[in-house]
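# Understanding the architecture of this molecule
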Amino acid sequence: MTKKPKPKTFENFWERNRLSGGYLVRKRLMGFGISLARFILLFGMCFMILQPILNKISVSFMTQEDLYNPIVISIPEHFTTENYQLAAQLMNYQKALVNSFIISITIAILQIAVCTLVGYGFARFDFPFKKLWFACVIIVILIPPQTIASSLHLHFKFFDILGLIRLIHGDTINLRGSAIPYYLMSAGCMGLKNGLYIFMIRQFFRNIPNDMEEAAYVDGCGTLKTFLRIMLPEAKPIITSCFLFAFVWQWTDGFYSKMFLGNTTLVSTSLARIVDSLGAYIQRITGVKTTISIAYANCILATGTLMIILPLIILYLFAQRQFVESISSSGIKM
Amino acid sequence: MEKKRRKKYVGLQKRKAIAGYLFISPFILGFLVFMIKPLFQSLYMSFCNVELGSSVFNPVWQGLGNYNQAFTVDPEYNRLLVEEISRMIIYSLAIIVFSFFVSLILNQNFKGRALVRAVFFLPVILSSGVILGLEEDNQLMATLAQQIETTTSGVSITGALEEILMTAGVGTRAFEEVFEIIDNIYDVAIASGIQIIIFLSGLQTISRNMYEAAEIEGCTAWESLWKITFPMISSLFLVNWIYTVIDFCMRSDNGVIEKIQTVMIDQMNYGMASAMSWIYFVIILAFVGITSFFISKGVYYYD
């Protein structure tokens, strides 16, 4: 039973092909050629993106002699986990990890909570000077934080609220080195890429139909209650993805961390210093000031980088869909 | 007019306006305290010579001195500025073209599409912040590449192609720029994750009917790319262009930014650092403004 139709369709194909004057075969070949070319192209590009990570993984397991051995390219001859131990020690890994985790989570929650409020305000309410304030959001997106960095630096070094603190305390307080300024800035939507989050959340809220909200109002729901009960559950996808972005960008951020959280051991700042601390470490052990070879320094750097991005990769594996679909769901248009 | 405006916000409208202000009040506060004040302060400081005391800082007005110094005295600043801006223009163009091309491919149906998308989006997460800056001077990779090059005795397809094209002798300079981008395609690829997603979301909103109609009328795929796809997502070119330029300016491996950081933190010269960053910011803003004005002229709006 099953055998019969098979040769029939096969005959049919050639028959049809003959009748169409070779068009079918040409079309098949074209389709095959296109998908082959696409496969090669995409494979190449994916390999190009992944190659540095793969390279880092192989390097991180090498001993020093493997690094200088020209025969060893990707698979280490002497397998070792020493690099990981050394990098963990140099970066103060456990402490940095815990610190980074706490700071990234709290900052991300704070930023997204505030940005959601603001984004909802911009999307759903009509008030005077709305255009002006939204232009300010665009300005926040456009201004590189480096422009105001020098001034912020001083602003927090001699921190004062309208001269009140000076009145009570007798002097301005130096908030530099503590994490407070950064939390304050996050609460005011001026953290890392917060303008972008406001913009994305606003776009998302604008695409939700008005009906549900109006129904809630008619039933006697207040503004805040409507927002919490009706709109917030609707906006779950964009909020999760913005939260993930905030977390990840905060995790790897160097600029704000260096500026405000200089005294806290964070993974991002300790990774930036890892080569220097390697030099200091070796000097302490051998007692002589030696220059470390570039290959070895890079090997440790690669190991450190891997250790830092490992939590992010795990996060990405689980939440990949949220990351990728977030921006498409916000429907950015100008 | 005055009466009308007052009338616009009464009753429910008024209550909603107040609620709206309450919702955006964190932003207003933050903007006034952490953006406006530092912004004007840094603008003021850029005209001053800032003296740091133990508890107070004391800006002394000195006019355009810092700007003068940045342009004429500082040995690096001019060079860095020109280099970074030309690099920005070239790379932004390359990123836009690359991400448009990739999103066209990723919009087709094939097996493993989700996986490929995930890979293309990976750099957004892994190459942000400090990691990007560290990536830049990876000597190990360079030596590895050199090794491979010596073992294959310098025979590479791209190298040969480059030589053939160069011998033509026409537009050598333009070719050089293109080769530079091709050699650094990795940098372009890792910087275009978000742009690809934005283009993809745009491509998915174009209705199939248009392509079908075009096909029936005898349009080839190439023609419908330029006549349908391109105009329909042209507004996203504007979005992506602005995003790319801004993103490029804020990268931590940016030469000008590094220069500003060293002047500010290591040399403690706040006035000078402010002047430098204001020059950079004004140039970027003007650049974004002018280019997006021209791009928005070409944008086609369907509805």
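Here is a short report on the structure shown in this document. Everything numeric here is computed off the predicted structure, so don't read it as measured data.

## Brief notes about the nonpolar core
V118(A) and C242(A) are the most contacted members of the largest nonpolar core, which totals 133 residues. No other element matches helix α5 (residues 93-124) of chain A, which puts 13 residues into this core. Leave out the neighbours within four places in its chain, and V118(A) touches C189(A), I198(A), F23(B), I24(B), P26(B) and F27(B).

## Details of the environment of M231(A)
All names here are of chain A. Secondary-structure assignment places M231 in helix α12 (residues 223-234). Residues M231 and I73, spaced 158 residues apart in sequence, show a C-alpha to C-alpha distance of 55 Å. Discounting chain neighbours no more than four positions away, the residues touching M231 are Y120, F205, E213 and T226.

## Points about the interface of chain A and chain B
With 73 residues of chain A at the interface, the matching set in chain B holds 75 residues. Elements with a contribution of two residues or more to the side of chain A that touches chain B: α2 (23-60), α5, α6 (130-142), α7 (145-157), α9 (180-187), α13 (236-252), α15 (267-272) and α17 (294-330) of chain A. Looking at the side of chain A that touches chain B, the element that brings in the most residues is α17(A), giving 13 residues. In terms of residue class, the side of chain A that touches chain B is built from 49 nonpolar, 19 polar and five charged.

## Brief notes about the packing of helix α10 (residues 194-207) of chain A against α13(A)
All names here are of chain A. It is at 10 Å that the axes of α10 and α13 come closest, and there the two elements cross at 170°. One element, α10, and the other, α13, form an angle in the roughly antiparallel class. Listed contacts from α13 to Y197, M200, I201 and F204 of α10 are I238, C242 and A246. Here the contact of α10 with α13 is composed, by residue class, of seven nonpolar, no polar and no charged.

## Considerations on helix α15 (residues 255-266) of chain B
The end-to-end C-alpha distance of α15(B), which contains twelve residues, comes to 16 Å, matching closely the 16 Å that a straight helix rising 1.5 Å per residue would cover. Regarding α15(B), the residues found buried are V256(B), I257(B), K259(B), I260(B), Q261(B), V263(B) and M264(B).

Criteria and thresholds
Residues numbered from 1 in each chain as written. Chains lettered and ligands numbered in written order. Predicted model: local features only at pLDDT ≥ 70, side-chain atom pairs only at ≥ 80, totals over all residues. Core = buried A, V, L, I, M, F, W, Y, C linked by C-beta atoms within 7 Å. Buried ≥ 20, exposed ≤ 12 C-beta atoms within 10 Å, placed from the backbone. Helix = DSSP H or I, 4+ residues; strand = E, 2+ residues; numbered from the N terminus. Contact = placed C-beta atoms within 7 Å. Nonpolar A, V, L, I, M, F, W, Y, C, P; charged D, E, K, R; others polar. Axes fitted to C-alpha atoms, helices over the stretch in contact; angles between N-to-C directions. Parallel < 35°, antiparallel > 145°, perpendicular 65-115°, else oblique. Expected span 1.5 Å × (residues − 1).

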